[in-house]
Amino acid sequence: MKTFYLTTAIDYANGSPHLGHAYEKVLADVIARSKRLLGSPVRFVTGLDEHGQKVQQGAEAEGIDPIQRCDRVAEEFESMLRLLDISNDDYIRTTQERHKKVVAHLLQELHDRGEIYEAEYQGYYSTRAEQFLQEKDKVNGEWPEIFGEVTQITERNYFFRLSKYRDWLVSHLEENPGFIEPAHRQNQVLEFLKEPLNDLCISRPKDRLNWGIPLPFDTDYVTYVWFDALVNYVSAAGFGDPGFEQLWPADLHVIGKDILAPPHAVYWPIMLKASNLPLPARILAHGWWTSSGAKMSKSTGETVDPLSLAERYGSDPFRYFVMREMKVGNDAEFSLERFESRYRADLGNDLGNLVSRLLHMSATYEEGVTPEVGLNEGPEKKIGLLWESTKEEALKFFLEYQFSQGLERVFSFIRGINKYADERTPWKLAKSEAPEDRQALRTCLGTMIEALRLANALLAPVMPSVHASINDRLGLEPCCSWKEDLSWDHRLSGKKLGEKTILFPRDV
RNA sequence: GCCAGGGUAGCUCAGCUGGUUAGAGCGCCGCACUCAUAACGCGGAGGUCGGCGGUUCAAGUCCGCCCCCUGGUACCA
């Protein structure tokens, strides 16, 4: 079985991690964990894009070497990964030798084959945006403020023959409808490709920018942003090493919608095509978090840093929130109110309280051991059927990366377990010595425990720590296979349960 | 201007190929319960499904026009 090779965009080493970075890593992580649970070997890579003018200037402003600054930012991002329980197998940095040699190798090959040529370029250059501007970038005849100071410069540069691949790319997109998800993004890219495509300037003269990978065929230049950054996906896969074919082509690139067109949907496929490398199977473009909530709280003097929520409430509630709230591909509004509502209602009241009441009843009525289930009557049949449909639908959604809808199904099942308790009323049965009541009580607790075990198995990719601690209380190892752990088989009968616990305290 | 997506309960959204009283979660009100993190369960209020017109025995669901929001792109400048 081919290893499922999954990447996120690499973050730019100019600035600190925020909600957008965090969300993308969690999304990719949940996908990676799901694939593992389905039995697929997974290689999950994320990393840091460290070259470029802003990084160089930032370091100069601080009076330190760029690499020192990058080391510090890398530590910041990696500590975010740890905070969020991201299970990446690798962390690639574009300043690493393994990456630089691949960039140089690909550039040299393309140059040798005439895919890269030298030309004089005259244009308007924005230092702030680190790019040449077109006349069309002007607004009302002036350069917009976001570009900062704009100067006209003439210089020789190297260009990659992007334009000649346009028709090829259009037909590739037309023949592979699932290449970009959500589907409407693919249409946008096709729309983008209706316009003429310019060749891509891939160099910057060293006297203007020296913090970059030197062009192998002209060391007066360094490699410009995308030809450096995008290549991380193949260098992290070990391009040139024996194991490369086991990983490449990538199965999924997870990126933000802002870097879909043109970088990931145009430059990258063409770079690969020109290098005779196969294309990734799929690109998933997620949306953005909007934060008028943050503005509001700033005006009230209470600033909410989304990442501090993970520190305060724990990584899993944060992961649950972003996965539940964001419909993949759309934008979502972030607000503290919504976060707290999800935390209190879904996690505390529905799931946490279920764990709590169930462990408590089992301890007091059944000496903390999962009882044998002796009945299979209406209530049991109903919850059993609900599980079957939940399993089927939730898995389908998870496989389509629709985690919001999948989680909705899982929590609907969890509410079903609470309803089931009300139908059997074990607290009443426990007051009776009658054999039929004893049997109903044991059936009820055993059924609830089995149902909780199954719901918890589906939560594993989204809330790995909560999953582990619930399983621990149930006397189980963490779930490692959805093929084996999702069948209703009462495997816990007779097992010792753990102490009652409050998973999601109301006061944090 | 053009392309795509969207406008459904106070909020966030489900509603496939048109078919009885339009659904869920949260919030709100009430009831019940007492195993539980004042939690769980039940019930209720609340929507002329953006607007107008059309097709049909029947439209949130199809067609036309219009308005508004989001993203992309062009032109004017």
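What you are looking at is a predicted structure, and each value in this text was computed from that prediction instead of being measured. (Residues numbered from 1 in each chain as written. Chains lettered and ligands numbered in written order. Predicted model: local features only at pLDDT ≥ 70, side-chain atom pairs only at ≥ 80, totals over all residues. Heavy atoms only, no water.)

Across its full length, chain A carries 20 helices and 16 strands. The principal-axis extent of the C-alpha atoms belonging to chain A is close to 95 × 55 × 40 Å. By residue count, 55% of the 508 residues in chain A fall in the buried class. Of all intrachain contacts in chain A linking residues separated by at least 6 positions in sequence, the fraction that spans at least 24 positions is 77%. When the accessible surface of chain A is split by element, carbon and sulfur atoms take 48% of a total near 22,000 Å². For chain A, the separation between the mean place of its 60 positive charges and that of its 77 negative charges on side chains is 4 Å. (Helix = DSSP H or I, 4+ residues; strand = E, 2+ residues; numbered from the N terminus. Buried < 20%, exposed > 50% of the residue type's maximum accessible area, 1.4 Å probe, protein only. Contact = heavy atoms within 4.5 Å. Areas by Shrake-Rupley, 256 points an atom, 1.4 Å probe, with all protein chains shown as cover. Lys, Arg positive; Asp, Glu negative; His and termini not counted. Charge placed at Lys NZ, Arg CZ, Asp CG, Glu CD.)

It is worth spelling out the protein's contact with RNA strand B at this point. Around RNA strand B, the structure places 33 residues, and the nearest of them are Gly352, Asn353, Arg357, Lys500 and Arg506. The share of sugar and phosphate among atoms of RNA strand B within 4 Å of the protein is 74%. Side-chain polar atom of Lys500 to a phosphate oxygen of RNA strand B: 2.3 Å apart, as the coordinates give it. Between Arg506 and RNA strand B, the recorded distance is 2.5 Å, taken from a side-chain N or O atom to a phosphate oxygen. (Near = heavy atom within 4 Å. Polar contact = N/O pair within 3.5 Å; in protein donor to acceptor, adjacent residues only side chain to side chain.)

Our focus in this paragraph is the domain arrangement of chain A. Interface size is often expressed as the accessible area that is lost when the parts come together. For chain A, the assigned domains are domain 1 (4-287) and domain 2 (319-485). A separation of 42 Å is found between the C-alpha centroids of domain 1 and domain 2. Counting the surface lost from both domain 1 and domain 2, the interface buries some 2,100 Å², and carbon and sulfur atoms represent 69% of this. Three residues stand out in domain 1 for area buried against domain 2, namely Tyr23, Leu37 and Leu38, and they jointly supply 32% of the buried area on that side. Applying the counting criterion to the domain 1 and domain 2 interface returns 1 salt bridge. Arg319 serves as the salt-bridge partner of Asp29, at 2.7 Å between the closest nitrogen and oxygen. At the boundary of domain 1 and domain 2, one finds 6 residue pairs in polar contact (both at pLDDT 80 or more). The set of elements that each furnish at least two residues to the side of domain 1 that touches domain 2 consists of helix H1 (19-37) and strand S14 (283-286). Tallied by class, the residues present in the side of domain 1 that touches domain 2 amount to 15 nonpolar, 3 polar and 7 charged. (Domains from an automatic or database assignment. Buried area = accessible area lost by both parts, 1.4 Å probe. Salt bridge = Lys/Arg side-chain N within 4 Å of Asp/Glu carboxyl O. Nonpolar A, V, L, I, M, F, W, Y, C, P; charged D, E, K, R; others polar.)

If you look at the biggest cluster of nonpolar residues, it comprises 96 residues, and the most contacted ones within it are Ile31, Met323 and Leu351. The dominant element in this core, judged by the number of residues it contributes, is helix H18 (residues 435-459), at 13 residues. Split by domain, this core shows at least three residues from each of two domains, domain 1 (4-287) and domain 2 (319-485). Beyond its immediate sequence surroundings of up to four residues, Met323 is in contact with Tyr23, Val26, Leu27, Val30, Phe403, Ser404, Leu407 and Val462. Leu107, Phe160, Leu162 and Phe244 belong to the second-largest nonpolar core, a separate cluster that totals 58 residues. (Core = buried A, V, L, I, M, F, W, Y, C linked by side-chain atoms within 4.5 Å.)

The subject of this paragraph is helix H10 (residues 260-274). Its maximal kink placed at Tyr267, H10 deviates by approximately 30 degrees, while the proline Pro269 follows within four residues. In terms of burial, H10 is largely enclosed, as 13 of its 15 residues are buried. Taken from the residues just after H10, Asn276 is the one with a positive phi, measuring 60 degrees. (Bend = angle between axes of the 7 residues up to and from the residue.)

What follows is about the sheet that holds strand S11 (residues 214-215). Sheet architecture is open: 3 strands sit in the order S10-S12-S11, paired in antiparallel fashion. Of all the strands in the sheet, the pair left with one neighbour each is strand S10 (203-205) and S11. Note that S11 and strand S12 (residues 218-223) share 2 bridges and pair antiparallel. Bridge pairing in S12 places Leu215 opposite Asp218. (Pairing = 2+ DSSP bridges.)

Turning our attention to the pairing of strand S13 (residues 252-256). Counted residue by residue, S13 has 5 buried out of 5 residues, so it is predominantly covered. Because side chains alternate across S13, one face comprises the buried residues Leu252, Val254 and Gly256, and the other comprises His253 and Ile255, equally buried. Here 3 bridges tie strand S1 (residues 4-8) to S13, and the two strands are oriented parallel to one another. Paired with Thr7 across the strands is His253, a residue of S13. Two elements, S13 and S14, share 4 bridges in a ladder whose sense is parallel. Of the residues in S14, the one forming a bridge with Val254 is Leu284.

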